[in-house]
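Report on the structure
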Amino acid sequence: MVQPTKKLSTKKKDTSADTTYKACSISESYLANFYQLVWKYSGYKRAFDPKNLDLVLKRSLPSIAEIWRSYNCDRESLSGFNFNTPKYSFSYLVGFHLPNVARFKAVFDRMIPRINPEEFLKYDTVNIWDIGCGSGACSSSFIDSFLELLDRYQYKGKSLKFKVHLVDRASHFLTIAQDLISSYLDTINLNGYSYNIEYSISTYRSSIESFTPRSDFISSKDNELNVYIAGYVYNEISQKQKGSAQFERLVKKMAGSGSSLLFLLDPANQTPSKNLASFKNRIVNYGFYTLYPCSFESKCCPLLDKKDWCYTEAYFKKDRLTQLVDKVLKTQRSKINTCSFILTNDSSFINKNLKNPVTLIGKPIIKADRTQSHIQYLLCDGEHVFKKEDDKSSLLKGELYKKN
Ligand SMILES: C[S@@+](CC[C@H](N)C(=O)[O-])C[C@H]1O[C@@H](n2cnc3c(N)ncnc32)[C@H](O)[C@@H]1O
């Protein structure tokens, strides 16, 4: 096992919530690589110039609008857009990849105060399984966030191996995702990010229904961390008996041995959120602890029978391409939402210093008078939901509530 060059500080950190809004932004190195890739797939022959991003958009606009319409008209019962053509997979890359990178990053960041970083960062091999990977938004965002976290805790010079496994039924997506992750990791190595990174990427063109994992689906080696990601795919299979049953079998395996993390993300709309929460309630029985949004081994999801539901809110410091897409689609994705759960089968990942964590799950506004609005926070301590009045809104759904 490779040791960190500098030991983690033993000084106790303040793990209470930061009440200032922090917009989540995608790293410069990620964006630079991503723009180059988009340019390559757009088919232009000349060298990339960031001033030409609008040309990329022009080329893909009708199909971006088509995907957007499909998401918005049929979101509650989304049966899945067929991305298996270069036109649609490229348009997804241009229009929808980066906001999903930001959503994943926001969720990863929310996990940080809830974990014990020393346990989490000690591995020298990370097995990533991105199921329904699409253009690789979530797995590439995991790698970027993981490297940032290593940097923050000063694991400089660390040798690290990423074994990335990409599963999707759409072959064009597999090509794009593989290209994105390999070019990003090559750039990181070239720029001397202060890590020695080795990587391998395997692709599996398969439906979830017929995906049969081999023995490398889960590693029980002490130096290996298993990371499983299902980004915006459960909502597409949850109503299909065969797909959802096979997905649940895979999830059961994930909990079985080794040290594993499972990231589940879906749209924040009512039906997909409640379906994902019910799924999470079922799968904790296989031996998972919940790391986010509730903070310990709770099965309850108290909002399940109510009109309200639990999801993550975050702000996104939009990059140039997303700004252009938002302008033409007349959308505003500087505020992003996602329903998400992070589970682990390894209790050593849990930050035990975080005593009785309370998460903000809702905030109906109570208008007191014309000049002042009071916020009634809806809070969850993992077992109970309760209300608390506050004078101003400063927290987002999914953040830890700071007790004054
Ligand atoms: C909305 S996209 C999300 C892509 C990516 N995970 C992300 O976060 O951007 C859903 C992906 O799941 C894939 N997918 C949907 N149903 C599937 C199934 N039954 N088997 C395999 N892949 C599936 C689609 O091809 C698509 O790539």
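Data block above holds the structure.
My aim in this report is to walk through the structure given alongside it, one point at a time. (Residues numbered from 1 in each chain as written. Predicted model: local features only at pLDDT ≥ 70, side-chain atom pairs only at ≥ 80, totals over all residues.)

1. Quick notes on the environment of Pro-213
Locating Pro-213 in the fold gives a position in the loop between β3 (196–205) and β4 (224–231). Not counting the four nearest positions on each side in its chain, Pro-213 is found in contact with Leu-250 and Lys-253. (Helix = DSSP H or I, 4+ residues; strand = E, 2+ residues; numbered from the N terminus. Contact = placed C-beta atoms within 7 Å.)

2. Digging into the environment of Val-126
Tracing the chain through its elements places Val-126 in strand β1 (residues 125–131). Sequence separation between Val-126 and Asn-223 is 97 residues; the distance between their C-alpha atoms is 8.6 Å. For Val-126, the contacting residues outside a window of four places in its chain are Phe-146, Phe-162, Leu-225 and Val-227.

3. Considering helix α2 (residues 53–73)
With 21 residues, α2 extends 28 Å between its outermost C-alpha atoms, agreeing within 8% with the 30 Å of an ideal straight helix rising 1.5 Å per residue. Approximately 60 degrees is the largest bend angle found in α2, and it occurs at Ser-60, with the proline Pro-62 only one to four residues beyond. Listing the buried residues of α2 in full gives Leu-53, Val-56, Leu-57, Ser-60 and Ile-64. Close packing links the buried residues of α2 with α1 (28–42), α3 (86–95) and α11 (320–329). (Expected span 1.5 Å × (residues − 1). Bend = angle between axes of the 7 residues up to and from the residue. Buried ≥ 20, exposed ≤ 12 C-beta atoms within 10 Å, placed from the backbone.)

4. Comments concerning unusual backbone geometry
With omega at 0 degrees, the peptide bond leading from Tyr-292 into Pro-293 counts as cis. By the element assignment, Pro-293 lies in the loop between β6 (289–292) and β7 (312–315). The backbone phi angle of Gln-154 is positive, close to 60 degrees, even though this residue is not glycine. Topologically, Gln-154 is positioned in the loop between α6 (137–152) and β2 (159–168). Residue Gln-154 is classed as partly exposed on the basis of its 15 C-beta neighbours within 10 Å.

5. Describing the pairing of strand β5 (residues 259–266)
Where burial is concerned, most of β5 is hidden: eight out of the eight residues are buried. Of the two faces of β5, both are covered, the one formed by Ser-259, Leu-261, Phe-263 and Leu-265 as well as the one formed by Ser-260, Leu-262, Leu-264 and Asp-266. Bridging between β4 and β5 involves seven bridges; their strand directions are parallel. Residue pairing for β5: Gly-231 is matched across the bridge by Leu-265. Looking at chain direction, β5 and strand β8 (residues 335–344) are connected through six bridges and run antiparallel. When the sheet's bridge partners are listed, Phe-263 is paired in β8 with Ile-342. (Pairing = 2+ DSSP bridges.)

6. Observations regarding the packing of α2 against α11
Interaxial distance between α2 and α11 falls to 10 Å at its minimum, and their mutual angle equals 50 degrees. Comparing the axis directions of α2 and α11 gives the class oblique. The hand of the α2/α11 crossing is right-handed. Residue-level inspection shows Leu-53, Asp-54, Leu-57, Leu-61, Ile-64, Ala-65 and Trp-68 of α2 in contact with α11, the latter providing Arg-320, Leu-321, Leu-324, Val-325, Val-328 and Leu-329. Each residue belonging to the contact of α2 with α11 can be placed in one class, and the counts come to eleven nonpolar, no polar and two charged. (Axes fitted to C-alpha atoms, helices over the stretch in contact; angles between N-to-C directions. Parallel < 35°, antiparallel > 145°, perpendicular 65-115°, else oblique. Left-handed = near helix turned anticlockwise from the far one by under 90°. Nonpolar A, V, L, I, M, F, W, Y, C, P; charged D, E, K, R; others polar.)

7. Let's talk about the pairing of β1
The buried fraction of β1 amounts to six of the seven residues, a majority that puts the element mostly inside the structure. Note that β1 and β2 share seven bridges and pair parallel. Its bridge partner lying in β2, Asp-130 is registered against Leu-166. In this fold, the crossover linking β1 to β2 by way of α6 has right-handed handedness. The pairing of β1 with β4 spans six bridges and is parallel. Within β4, the residue paired with Ile-128 across the bridge is Val-227. (Right-handed = clockwise from strand over helix to strand, strands pointing away.)

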